[in-house]
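Tertiary structure, described
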Amino acid sequence: MNDRNGPVVGILPAAGRGVRLGEPLPKAFVELDGRTMLDRSVEAMFASAVVDRVVIVAPPELAATPAARLVGEAFADRVSVVAGGAERADSVRAGLSAASGARFVLVHDAARALTPADLFVRVVDALRAGSDAVIPVLPVVDTVKSVDAEGAVTGTPDRSTLRAVQTPQGFDVALLERANRDAADATDDAGLVERSGQRVTTVAGDPLAFKITTPLDLVLARAVLASGVRTEKEM
């Protein structure tokens, strides 16, 4: 497809249980300052003004829940909810199946709930400009070691060539569909695209797009909000 002006659909895999977070709810439904991570992620997507629709891939028991109950009335008419699968790759495939008519898709972790709207803009701008696979990244600030199976150090990679990867990850929809077809589970959709031999480009990430995975991450996210960082609804 040469036309790069078609619709953008956001896919939010939100079916994971988030065991490491230590909360009784699925991770995406944990609240930060009175709003779920899922709600904050959907709102940031639409606040960017570059996302036309959003597909929430929910735990199967919540798949029949009206979108308005998950993210409120404001965006419900542009949000659909589908059931996720056993693995993340299954959930992404379910999201792709529901993203009919999309030219590009943005796969985003709901657990990156403080991601600012302009990060979505940077990814979509790169897609519109000609890239078929785009990921936001940050420089690696810690020294990184490779180790063997016994925990002994085997090397020190040059961190100037390393980047920490975030979401949203943006793709030509047909490319991601091909990469996901019959693929094993993957924590990174761009990795599936890389395996297919396709080029993946990068844009600058954002420190606020950190992933809330552990109880300490949850403390950090709540502290960031308490410090005065405002969400789109609060601006």
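Position labels on residues start from 1 in each chain and follow its written sequence. Reporting of local features is limited, given that this is a predicted model, to residues whose pLDDT is at least 70; pairs of side-chain atoms are given and counted only at 80 or more, and all residues count toward the totals for whole chains, interfaces and linings. Side-chain measures were taken over the full set of non-hydrogen atoms in the model, leaving aside hydrogen atoms and water.

For the protein, the name recorded in an unreviewed UniProt entry is 2-C-methyl-D-erythritol 4-phosphate cytidylyltransferase, with Rhodococcus gordoniae as its organism. As stated in UniProt under Sequence similarities (unreviewed entry), the record for the protein gives "Belongs to the IspD/TarI cytidylyltransferase family. IspD subfamily." UniProt positions are given in the numbering used here, feature names are shortened, and annotations may be inferred rather than shown by experiment. You can read under Function (unreviewed entry) in the UniProt record for the protein the words "Catalyzes the formation of 4-diphosphocytidyl-2-C-methyl-D-erythritol from CTP and 2-C-methyl-D-erythritol 4-phosphate (MEP)."

1. Points about helix α7 (residues 215-226)
Every α-helix carries 3.6 residues per turn, so stepping three or four residues along brings you back to the same face. With twelve residues, α7 extends 17 Å between its outermost C-alpha atoms, agreeing within 8% with the 16 Å of an ideal straight helix rising 1.5 Å per residue. The cut-offs for exposure are 20% and 50% of the maximum accessible area for each residue type, with area from a 1.4 Å probe on protein chains only; residues under the lower value are buried, those over the upper are exposed, and the others partly exposed. Starting at the N terminus, helices and strands are each numbered in turn, a helix being any DSSP run of H or I of at least four residues and a strand any DSSP run of E of at least two. Of all the residues in α7, the buried ones are Asp217, Leu218, Ala221, Val224 and Leu225. Taken end-on, α7 shows its buried residues confined to a sector of 125°, consistent with a single buried face. The exposed residues of α7 that point more than 90 degrees off its buried face are Leu216, Val219 and Ala226. Here, residues are in contact when the closest pair of their heavy atoms is within 4.5 Å. In this structure, the buried side of α7 is in contact with β2 (31-32) and α1 (37-47). Gly228, located one to two residues past α7, shows a positive phi value of around 115°. Here, expected helix span is obtained from the residue count minus one, scaled by 1.5 Å. What the arc covers is the set of directions going from the helix axis to the C-beta atoms.

2. A few points about the packing of aromatic side chains
When two rings of Phe, Tyr or Trp (its six-membered ring) have centres within 6.5 Å they constitute a pair, described as stacked for plane angles under 30 degrees, edge-to-face for angles over 60, and tilted for the intermediate range. Under the criterion given, the structure shown has one aromatic pair. Only when the NZ atom of a Lys or the CZ atom of an Arg is both within 6 Å of the ring centre and within 35 degrees of the ring normal do we say a charge sits over the ring. A cation over a ring is seen here: Arg78 above Phe46, with NZ or CZ 4.0 Å from the ring centre.

3. Notes on helix α4 (residues 117-128)
Compared with the 16 Å implied by 1.5 Å per residue over twelve residues, the 17 Å span of α4 between its first and last C-alpha is a close match. Within α4, the full set of buried residues consists of Ala117, Leu119, Phe120, Val123, Val124, Ala126 and Leu127. Looking at the buried side of α4, the elements it contacts are β1 (8-13), α1, β6 (104-107), β7 (133-139), β11 (169-172) and β12 (201-204). Gly130 lies just past α4 and shows a positive phi near 135°.

4. What to know about the environment of Gly155
Inspection of the secondary structure assignment puts Gly155 in strand β9 (residues 153-155). Each C-alpha atom of the pair Gly155 and Val144 lies 8.7 Å from the other, and the pair is eleven residues apart in sequence. Apart from residues no more than four positions distant in its own chain, Gly155 is found in contact with Val144, Lys145 and Ser146.

5. Here we look at the UniProt feature "site: Transition state stabilizer" (unreviewed entry) in the protein
In the numbering used here, UniProt assigns the feature "site: Transition state stabilizer" (unreviewed entry) to Arg20 and Lys27. Considering the arrangement of structural elements, one finds Lys27 in the loop between β1 and β2. Residue Lys27 is classed as buried on the basis of its relative accessible area, which comes to 15%.

6. Some words on the UniProt feature "site: Positions MEP for the nucleophilic attack" (unreviewed entry) in the protein
When the UniProt feature table is mapped onto this chain, "site: Positions MEP for the nucleophilic attack" (unreviewed entry) is found at Arg159 and Lys211. With respect to the element layout, Arg159 can be found in the loop between β9 and β10 (163-165). Among all residues touching Arg159, those that are not within four sequence positions of it are Val140, Val141, Asp142 and Thr143. Residues in contact with Lys211, not counting those within four places in the same chain, are Lys27, Asp109, Ala111, Arg112 and Asp217.

7. Brief notes about the side chain of Arg112
Tracing the sequence through the fold places Arg112 in the loop between β6 and α4. With a relative accessible area of 10%, Arg112 lands in the buried category. With residues near it in sequence (within four places) discarded, Arg112 still touches Ser41, Val165, Gln166, Thr167, Ala209, Phe210 and Lys211.

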